Amino acid sequence: MSSQGWILAVFIVYFGAIILMATRFRRAQNLSDYLLGGRKLNAWVGALSAQTSDMSGWLLMGLPGAIYAAGTGRAWIAVGLIIGTVLNWLFVAKRLRRHTIVAKAVTLPEYFENRFRDKHHVLKIIAAVFFAFFFTIYAASGFVAGGTLLPQIFNVNYQAAVIILASFVVIYTLIGGLMAISWTDSIQGMMMLCAVLFLPLIVISTMGGWGNVAAEIPPGFYNIMSDGAGGTIRPISIISDVAWGLGYFGMPHILVKLIAIRSEKDVSKSAVIAIIWVVLALASAVLVGLVGRAFIPGLDNPETVFIQMIHRIFLNQGTVWMTLLGGLFLCGMFAAIKSTADSQLLVGSSAVGDLYRLANKKATDKNLVWFSRLAVFVVAVFALWIALSAYDPALGGPDRSRGVMPLVAMAWAGFGSTFGPLVLCSLFWKRTTKIGAICGMLVGGLTVSAWHFLPILSSADGFVTPAVRTGLFSIVPGFFASLATIFVVSLLTKQPSAEVLSEFDVASRPLAE
């Protein structure tokens, strides 16, 4: 059998195992089972599924590619993500879980509606619209990553690869819901960590030690204050990169895993597991970029450095065992891509389901589960369209301005700015009002959208870019404009009712479980 045949066999076993695991959780009896797994995730599954949903193909493509191109000056993103992860687990996780339980909410839009007693459903509708918009872009980034990965392994083109990945993710997400994707993501989280942790160590050994690697890396690439081109990184660039950490407070596909954990005791255990995982994973991804620069200089597309390293170390050796090991590393990379896309499709579909519940108040739980499954398919179709439209015939792959990093940047900023400030205010400031919440969401979401799409603001390379000409990441103006809006408007409007204030106090204390 050829080396490609052995790799195909590894992928078939991997795909089959994921589908088999999904079928184990196929019997969702109600919407809470399908979207929250009945709040029964244990500590390990909750932690690993949350972190793998977070990182996506960005961990093994976007971040190593950025380090490969510009050095450790881009590692400020990793610093920001570690800080955001720690703060999210230590201060948001338990409190959000309690508040959603007290508010009897299954989805984030439903939580906002119940928390602020929005009888006219304005909060839910606005949240659902932004959910659908940003999740479609986010899921598309995963499909683009798959379209970049598979053609370099198998004899398929970009379009076919995107369709294959989308079909696979949709199938097992439809089968099992959140419980299925959480269990599969927790397994794949360990695959991702092993892949990103051991590959650079193997390459360093192959090159004869760190001394030989260091000799091949351009001067300044080790300096976290260097811009990779001989200059000093600008303070505004550091602010933009660290600001990625703000996104965690508003990421629905991450937050849903936090509120689905079965007890507060498990949340504490999950926090430790998640923080250790993210530190190891991000540090290793930075190392991949540095080692890759020494091992394979001159790549046209830096985001492929992880794949190219696997090819040279394992797939060009001609032995079956090396090929199988390389196949496992590639499966780890594929796991990173699909472990985020599945959560994005599921939570994105919940927004469509929220709108359906408003239109059909007599819908049964069974109907809602099936409609949510239909919504998964609809969101996937639009995400697939974006991924396919990114194809550039001259490159044989995605347009650079619509690659993994730019798409992730816009979706991350969108969610972080639209929902992050409101999540924090709803959990920690009882004076937050419904009008303040509505205005804050609108200002955050529209600021990010304008930052990326208006010609006067967007970068020179066009569609979906992470910063304006000044280099400021859109989450910075979006997040703080939203936060300021919630604060000012809430102070200018009538304070919440005694019932809302009392419920806030109840949800702020540990619940009897």
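The shown structure was predicted, so the numbers you read here are calculated from the model rather than taken from an experiment.

Peer 1: So what exactly am I meant to see when it comes to the overall build of the protein here?
Peer 2: Within the protein one finds 19 helices and two strands. The buried share of the protein, taken over its 513 residues, is 61%. Of the contacts made within the protein by residues no fewer than 6 positions apart, 83% connect residues no fewer than 24 positions apart. Carbon and sulfur atoms provide 68% of the accessible area of the protein, an area that totals close to 18900 Å².

Peer 1: So what exactly am I meant to see when it comes to the side chain of Thr433 here?
Peer 2: Assignment of secondary structure puts Thr433 in the loop between helix H16 (404–428) and helix H17 (434–453). Under the relative-accessibility criterion, Thr433 is labelled buried at 5%. A polar contact is formed between the side chain of Thr433 and the side chain of Thr493, at a distance of 2.9 Å. When neighbours within four sequence positions are excluded, Thr433 is seen to be in contact with Phe116, Val489, Ser490, Thr493, Lys494, Gln495 and Pro496.

Peer 1: Whenever I open this one, helix H3 (residues 43–55) confuses me. Can you help?
Peer 2: An α-helical turn contains 3.6 residues, so a residue and the one three or four places further along point in the same direction. With 13 residues, H3 extends 19 Å between its outermost C-alpha atoms, agreeing within 8% with the 18 Å of an ideal straight helix rising 1.5 Å per residue. Summarising burial for H3: twelve of the 13 residues are buried, a large majority. For H3, the set of buried residues is Ala43, Val45, Gly46, Ala47, Leu48, Ser49, Ala50, Gln51, Thr52, Ser53, Asp54 and Met55.

Peer 1: What exactly am I supposed to notice about the confidence of the model for the protein here?
Peer 2: Low pLDDT means the predicted coordinates in that region are not meant to be read closely. Mean pLDDT over the protein: 82, with 81% of residues reaching 70 or higher. Averaged pLDDT values for the elements of the protein fall to 57 in helix H2 (residues 31–36) and rise to 96 in helix H18 (residues 475–492). Below a pLDDT of 50 lies the segment residues 455–469, which in the model reaches 34 contacts outside its immediate sequence neighbourhood of four places, other chains included.

Peer 1: How do you make sense of the environment of Leu299 when you look at a structure like this?
Peer 2: Relative to the helices and strands, Leu299 resides in the loop between helix H12 (264–295) and helix H13 (305–315). Each C-alpha atom of the pair Leu299 and Gly65 lies 9.8 Å from the other, and the pair is 234 residues apart in sequence. Apart from residues no more than four positions distant in its own chain, Leu299 is found in contact with Tyr68, Thr304, Val305 and Gln308.

Peer 1: How should the packing of aromatic side chains be read in this particular structure?
Peer 2: Aromatic ring pairs are described here by two measures, namely the spacing of the ring centres and the angle between the planes. Applying the stated criterion across every chain yields a total of 17 aromatic pairs. When the ring centre of Tyr68 is taken as origin, the NZ or CZ atom of Arg293, which lies over that ring, is 5.4 Å away.

Peer 1: Looking at this structure, I do not really get a nonpolar patch on the surface. What am I missing?
Peer 2: A contiguous nonpolar surface patch, about 660 Å² in accessible area, is contributed by Val79, Ile83, Leu87, Leu90, Phe91, Ile224, Met225 and Phe428. Of all the elements, helix H5 (residues 76–102) adds the most residues to the nonpolar patch, at five residues. Position of Leu87 relative to the elements: it lies in helix H5.

Peer 1: Would you take a moment to explain the pattern of salt bridges for this structure?
Peer 2: It is possible for side chains bearing opposite charge to pair when their charged atoms get close. Taken as a whole, this structure holds seven salt bridges when the rule is applied. Its salt-bridge partner being Glu499, residue Arg117 comes within 3.3 Å of it at the nearest N-O pair. Remark: Glu499 occurs in helix H19 (residues 498–507) and Arg117 occurs in the loop between helix H6 (108–115) and helix H7 (122–149); sequence separation between them is 382 residues. Across the pair Arg262 and Asp266 runs a salt bridge, and its minimum N-O distance is 2.8 Å. Each member of the salt-bridge network shares a partner with another, and the members are Arg117, Glu499 and Glu503.

Peer 1: Honestly, the packing of H12 against H13 in this entry has me stumped. Any pointers?
Peer 2: The relative placement of two packed helices comes down to the angle between their axes together with the axis-to-axis distance. Running from N to C, H12 and H13 point in directions that differ by 55 degrees, and their axes come no closer than 10 Å. Regarding the angle of H12 to H13, the classification is oblique. The hand of the H12/H13 crossing is left-handed. In this structure, H12 contributes Val288, Val291, Gly292 and Phe295 to the contact, and H13 contributes Val305, Phe306, Met309, Arg312 and Ile313. Considered class by class, the residues forming the contact of H12 with H13 number seven nonpolar, one polar and one charged.

Peer 1: What is the right way to look at helix H1 (residues 3–23) in this model?
Peer 2: Its 21 residues place the ends of H1 31 Å apart at the C-alpha level, agreeing with the 30 Å of an ideal helix rising 1.5 Å per residue. Here H1 has its buried residues at Gly5, Ile7, Val10, Phe11, Tyr14, Ile18 and Ala22.

Peer 1: Got a minute to help me understand the packing of H3 against helix H11 (residues 252–259) in this structure?
Peer 2: Relative orientation of the contacting elements H3 and H11 amounts to 175 degrees, with a least axis distance of 9 Å. With respect to H11, the element H3 is oriented roughly antiparallel. Between H3 and H11, the contacting residues are Gly46, Ser49, Ala50, Ser53 and Asp54 on the first element and His253, Ile254, Lys257 and Leu258 on the second. Residues belonging to the contact of H3 with H11 are distributed by class as follows: three nonpolar, four polar and two charged.

Peer 1: I keep staring at the environment of Ala260 and nothing clicks. Help me out?
Peer 2: With respect to the element layout, Ala260 can be found in the loop between H11 and H12. For Ala260, a relative accessible area of 0% puts it in the buried group. Taking the C-alpha atoms as reference, Ala260 lies 9.0 Å from Asn42; in sequence the two are 218 residues apart.

Here is what the cut-offs are and how they apply
Residues numbered from 1 in each chain as written. Predicted model: local features only at pLDDT ≥ 70, side-chain atom pairs only at ≥ 80, totals over all residues. Heavy atoms only, no water. Helix = DSSP H or I, 4+ residues; strand = E, 2+ residues; numbered from the N terminus. Buried < 20%, exposed > 50% of the residue type's maximum accessible area, 1.4 Å probe, protein only. Contact = heavy atoms within 4.5 Å. Areas by Shrake-Rupley, 256 points an atom, 1.4 Å probe, with all protein chains shown as cover. Polar contact = N/O pair within 3.5 Å; in protein donor to acceptor, adjacent residues only side chain to side chain. Expected span 1.5 Å × (residues − 1). pLDDT = per-residue confidence, 0-100. Phe/Tyr/Trp six-rings, centres within 6.5 Å; stacked < 30°, edge-to-face > 60°. Lys NZ or Arg CZ within 6 Å of the ring centre and 35° of its normal. Patch = residues over 30% accessible without salt bridge, like charges linked within 9 Å, V, L, I, M, F, W, Y side chains within 5 Å. Salt bridge = Lys/Arg side-chain N within 4 Å of Asp/Glu carboxyl O. Axes fitted to C-alpha atoms, helices over the stretch in contact; angles between N-to-C directions. Parallel < 35°, antiparallel > 145°, perpendicular 65-115°, else oblique. Left-handed = near helix turned anticlockwise from the far one by under 90°. Nonpolar A, V, L, I, M, F, W, Y, C, P; charged D, E, K, R; others polar.

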